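Chains, contacts and geometry: an overview
Read off the chains here:
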Amino acid sequence: MNGFENSVPLWLIYSWGLSVQYEISPMMAFDVGYQGGHSIHEFSVTEFNDAVPGSTPRQQRRPYPQLQAYRLVTANGDSKYNSLEMKLQRRPGPSGLSMLLTYTWAKAIDTVGSRLGVPGDPGSISRNISLLRNRGRGDADIPHRFAGTAGYETPFGKGKPYLTDHFMGKILGGWSLNGILTFQGGAWITPLIATDRLDVGSTASSRPDVVRDRNLPSSERIQTRWFDTTALALPAPFVYGNA
């Protein structure tokens, strides 16, 4: 069974930023800036009829014993974004060479998730925990991103240094070659427990405990073990994990 909050407050997004540009030369400029954003009243899905964790008959522990699973969509989620952005740009001149280099250092935090289909990102929240406990890195959180592009325009034809008024300038001019290269950090994942160990009627918000730092030294990272899997442990019976 599903339900929807009534009435739904308007989803609001606030954004702000500041940037400074320095002209290195008539053809090249450097920009550095800050961008921030805050979104409120985002939709979240709550397992509203989850039972209180325990070992007694489940229906007796549900807030609505006459019902089974009941999902309620409410507009109580929020997200925040902050980033440092840098850009170095060279406009094409007589040589035909152009360049654009960008770097973004960012952090996105939200309480909802499940918008981009990132593996492990929770799709719903149990009524037994607060939104604050569901707060963490957002599925759109990319901490580092570098993009570079370079281009070359042929120096022939109108407005160019060669074959300006020659018919060959119309054939050889107007061509360009461009390339782009991008590096970025990977998406964050949320470890989940796939079974209902809490006996509440769903696996929403069922996560393991983090017992120590999950990061491995770079020399120990391999594709099948990128982080320390032993840093995660099953929580005590009928207790929600802290991951």
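Just above, that's the structure.
All figures in this text were calculated on a predicted structure; none of them were measured in a lab. (Residues numbered from 1 in each chain as written. Predicted model: local features only at pLDDT ≥ 70, side-chain atom pairs only at ≥ 80, totals over all residues. Heavy atoms only, no water.)

Some thoughts on the overall build of the protein chain
Using the following cut-off: Only DSSP runs of H or I reaching four residues or more are called helices, and only runs of E reaching two or more are called strands; each is numbered from the N terminus. Put simply, the radius of gyration uses C-alpha atoms, and a globule should come to 2.2 Å times the residue count raised to 0.38. Exposed residues in this analysis have more than 50% of their type's maximum accessible area, buried residues have under 20%, and partly exposed residues fall in between, with area computed by a 1.4 Å probe over protein chains only. By definition, residues are in contact when any of their heavy atoms lie within 4.5 Å. The protein chains shown are the only cover counted for residues, whose accessible areas, like all others here, come from Shrake-Rupley with a 1.4 Å probe.
Helices and strands together make up the secondary structure of the protein chain, namely two helices and eleven strands. Counted from the first residue to the last, the protein chain has its helices and strands arranged as β-β-β-α-β-β-β-β-β-α-β-β-β. Since a compact globule built from 243 residues should have a radius of gyration of about 18 Å, the 26 Å found for the protein chain marks it as more spread out than a globular shape. Over its C-alpha atoms, taken along the principal directions, the protein chain stretches across nearly 90 × 50 × 35 Å. Residue burial in the protein chain is summarised as follows: out of 243 residues, 29% are buried. A separation of at least 24 residues holds for 67% of the contacts in the protein chain among residues at least 6 apart in sequence. Split by element, the accessible area of the protein chain, about 15,300 Å² in all, is 60% carbon and sulfur.

Brief notes about the packing of aromatic side chains
Put simply, the rule is: Pairs were defined over the aromatic rings of Phe, Tyr and Trp, the Trp ring being its six-membered one, requiring ring centres within 6.5 Å. Orientation was assigned from the angle between planes: stacked under 30 degrees, edge-to-face over 60, tilted for the rest.
The tally for this structure, following the rule as stated, stands at four aromatic pairs. Plain terms: the ring middles of Trp11 and Phe43 are 6.3 Å apart, the flat faces sit at 55 degrees to each other, and that makes the pair tilted. Here Phe43 lies in strand S3 (residues 28-47) and Trp11 lies in the loop between strand S1 (2-4) and strand S2 (12-25), a separation of 32 residues in the sequence. Overall, the relative accessible area of 41% leaves Phe43 in the partly exposed class. For the pair Phe48 and Tyr70, a centre-to-centre distance of 6.2 Å together with 85 degrees between the ring planes defines the contact as edge-to-face. Of this pair, Phe48 sits in the loop between S3 and helix H1 (58-61) while Tyr70 sits in the loop between H1 and strand S4 (71-90), and the two are 22 residues apart along the sequence. On the accessibility criterion, Phe48 (29% relative accessible area) is partly exposed. On the accessibility criterion, Tyr70 (18% relative accessible area) is buried.

Brief notes about a nonpolar patch on the surface
Short version of the rule: Only residues whose relative accessible area exceeds 30% and that form no salt bridge are eligible for patches; like-charged ones are grouped when within 9 Å, while nonpolar side chains (Val, Leu, Ile, Met, Phe, Trp, Tyr) are grouped when within 5 Å. Basic side-chain nitrogens of Lys or Arg form a salt bridge, by our definition, when they fall within 4 Å of a carboxyl oxygen of Asp or Glu.
Residues Val20, Tyr22, Ile24, Phe30, Val32, Leu84 and Trp105 make up a contiguous nonpolar surface patch of roughly 660 Å² in combined accessible area. If you list the elements that add at least two residues to the nonpolar patch, you get S2 and S3. Sorting elements by how many residues they give to the nonpolar patch places S2 first, with three residues. Within the fold, Phe30 resides in strand S3.

Some details on the pairing of S3
Note the threshold: Paired strands are those between which DSSP finds at least two bridges.
As paired strands, S2 and S3 are joined by 13 bridges and run antiparallel to one another. Paired with Tyr22 across the bridge in S3 is Phe30. Hairpin connection, S2 to S3: the antiparallel pair is bridged by two residues. Pairing of S3 with S4, which is carried by 18 bridges, proceeds in the antiparallel orientation. The partner of Val45 across the bridge, within S4, is Val73. Sheet topology places S3 next to strand S6 (residues 125-126); two bridges connect them, and they run parallel. Counterpart to Thr46 in the pairing with S6 is Ile125.

Looking at the pattern of salt bridges
Applying the stated criterion across every chain yields a total of seven salt bridges. In this structure, Arg61 and Asp199 form a salt bridge, with 2.7 Å as the shortest nitrogen-oxygen distance. Residue Arg61 is found in helix H1, and its partner Asp199 is found in the loop between strand S9 (176-184) and strand S10 (209-210); the two are separated by 138 residues along the sequence. We classify Arg61 as buried; its relative accessible area is 11%. By relative accessible area, Asp199 is classed as partly exposed at 22%. Asp141 is the partner of Arg137 in a salt bridge, and the nearest nitrogen-oxygen pair spans 3.1 Å. Looking at Asp141, the relative accessible area reads 0%, which means it is buried. One salt-bridge network, in which partners are shared between bridges, spans Arg58, Arg61, Asp196 and Asp199.

Some thoughts on the environment of Ala51
Position of Ala51 relative to the elements: it lies in the loop between S3 and H1. By relative accessible area, Ala51 is classed as buried at 0%. Here the alpha-carbon distance between Ala51 and Ile129, two residues 78 residues apart in the chain, equals 12 Å. Setting aside residues up to four positions removed in sequence, Ala51 forms contacts with Arg58, Arg61, Arg62, Asn128, Asp199 and Val200.

Quick word on the environment of Leu18
Positionally, Leu18 belongs in strand S2. A sequence separation of 17 residues divides Leu18 from Gln35, and the C-alpha atoms of the two residues are 6.7 Å apart. For Leu18, the residues in contact, after removing those within four places along its chain, are Val32, Gly33, Tyr34 and Gln35.

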